[in-house]
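Reading the structure
If you want the building blocks of each chain, they are given just below.
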Amino acid sequence: MKRFLKYYMILSAVIFMACSSNNSGGGSENREEVQVNVPDTATLIFFGDAMQHGMQLDRARELGTPENPYNFDSCFELITPALKDADYSIVNLELPLGGDGSYSGYPQFSAPDSYAIALKNAGFDLFLTSNNHCLDRRDVGLRRTLHVLDSLKVDHIGTYNNAEERAKLVPFVKEINGMKVGFLNYTYGTNGISANSGAEVAYINRDKIKQEIEATRKAGAEIIVAMPHWGIEYVLTENEEQRSLADFMIKEGVDIIIGGHPHVVQPMKVVTDEKTGHRALVVYSLGNFISNMTTANTRGGALVRVVIERDKNGKVKFKNAEYDTFITEVPSGPGTNFRVVPSWDIDKLPANQKSNWTKHNNTVTELYDKYNVEVPRTKKSY
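Residues numbered from 1 in each chain as written. Predicted model: local features only at pLDDT ≥ 70, side-chain atom pairs only at ≥ 80, totals over all residues. Heavy atoms only, no water.

Re the nonpolar core
As a reminder, the rule being used: What makes a nonpolar core is a set of buried Ala, Val, Leu, Ile, Met, Phe, Trp, Tyr and Cys residues whose side-chain atoms join them at distances within 4.5 Å. Residue exposure (1.4 Å probe, protein chains only): buried if accessible area is under 20% of the type maximum, exposed if over 50%, otherwise partly exposed. Strands here mean DSSP runs of E at least two residues long; helices mean DSSP runs of H or I at least four residues long; both are numbered from the N terminus. Any two residues having at least one pair of non-hydrogen atoms within 4.5 Å are treated as being in contact.
By size, the foremost hydrophobic cluster in this structure holds 57 residues, and its most contacted members are Phe46, Phe183, Met227 and Leu281. The element that contributes the greatest number of residues to this core is strand β12 (residues 279–286), accounting for 6 residues. The contacts of Met227, once residues within four sequence positions are left out, are Phe46, Ile90, Leu126, Leu128, Ile157, Phe183, Leu184, Asn185, Tyr186 and Ile258. Counting 38 residues, the second largest nonpolar core, distinct from the first, contains Ala50, Ala86, Ala122 and Val340.

Structural notes on empty space enclosed by the protein
Inclusion rule: Only protein atoms enter the 1 Å grid used here. Points where a 1.4 Å probe fits but cannot escape make up a cavity, open sets with protein on both sides within 12 Å along at least five of seven lines make up a pocket, and a residue lines them when an atom lies within 4 Å of a point. Grid points are joined across faces, edges and corners, and a volume is the space filled by probe spheres set on the points. Residue polarity follows a fixed list, in which Ala, Val, Leu, Ile, Met, Phe, Trp, Tyr, Cys and Pro are nonpolar, Asp, Glu, Lys and Arg are charged, and the others, Gly among them, are polar.
One pass over the full model with this rule turns up 3 cavities of 30 Å³ or more. Looking at the lining of the largest cavity, the elements with two or more residues in it are β1 (41–50), β2 (88–93) and β9 (223–229). The element that contributes the greatest number of residues to the lining of the largest cavity is β1, accounting for 4 residues. Considering only residue class, the lining of the largest cavity consists of 8 nonpolar, 7 polar and 1 charged.

With respect to the sheet that holds strand β11 (residues 265–272)
This is how it is decided: If DSSP finds at least two bridges between two strands, the strands pair. Helix axes are fitted only over the stretch in contact, all axes being lines through C-alpha atoms; the angle between N-to-C directions runs from 0 to 180 degrees.
In space, the 6 strands of this open sheet follow the order β6-β7-β9-β10-β12-β11, with mixed pairing throughout. Two strands lie at the open edges of the sheet, namely β6 (172–176) and β11, each paired on one side alone. Across the sheet, the mean angle separating the axes of adjacent strands is 20° when strand polarity is ignored. Of the strand pairs in this sheet, β11 and β12 are connected by 7 bridges, and their pairing is antiparallel. Each bridged residue has a counterpart across the sheet, and for Val270 the counterpart in β12 is Leu281. Its contacts with the sheet place helix α6 (residues 206–218) against β6, β7 (179–187) and β9, and it is angled at close to 165° to β7. Running over the sheet, helix α7 (residues 240–251) touches β9, β10 (256–258), β11 and β12 and is turned about 145° from β12.

Structure below.
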């Protein structure tokens, strides 16, 4: 797990022992090797859309200080243990970091840098930036977001300063517990806003996706994760377009697909190729990570914890996945902020918000019991 040593070296202890023979005084050499196993699994944890609506911004400002005018520090305190328990944690940053002080919520988002800092401090390692709001502050906002994320030294994929930079930074392959994992991120669109000075957004384009999957494999990726921003908002099941794109990506070599955008959860399915036995995971939507949305089923979301492994033949593959649920707590008094409350800490949710949790959790459970394939609810807590 994070903050602990995860990589083990093959150790060799060579012990020289002097010994004598009956016929000479020469020594003989004995060599003893001690081997410690390299970890053969890694855990990836995925969350959905990290939103920032007007009331969230207002509350963060109310709790701010001169040193930290917009304070998001408590928003993720309860989910942090899950993030830091995983080997690599991923979230969709569904907004630009505008930086001009005129921050805004829906319909065109812009958040202060402290929001990204709070997400990083919570334990997120990879920020997805290709989504329908990445151009809300046009090319300037897109590029500034990349600059801030670079300054924070966090991984990010999906948008780029220009096409030339995309060509250099894609493929993105991360070594996690000795396994080389390739990550890709695409969006269906950007709300009708186009880049006007060459900023690059990774849009869903099958020819480009095919090309980048091939490049990612050639760059050494042993397993590939694709994260599309797709689907229909507020619909609890995937559509044919999502299924078709998922089938296409799997046939091209993607092993794990984690979707976002609908703002509600959608099913999770393990798909197995009958001819090859290849198993791939498709998560159609994880819903919102944090938001102030009140449309049905948008107050909470789901996480998915994915285990990959190196098998006895040395091949890295998807092993299994489990889900859990959480909800966004709204401020309930002085000093409180919007906060992600996971199922294992649900007793910390204010009593007057428990009905929201019950409704959300029941909806997700019923949906997943009906449609999920080989993705059960986790029994893990923190």
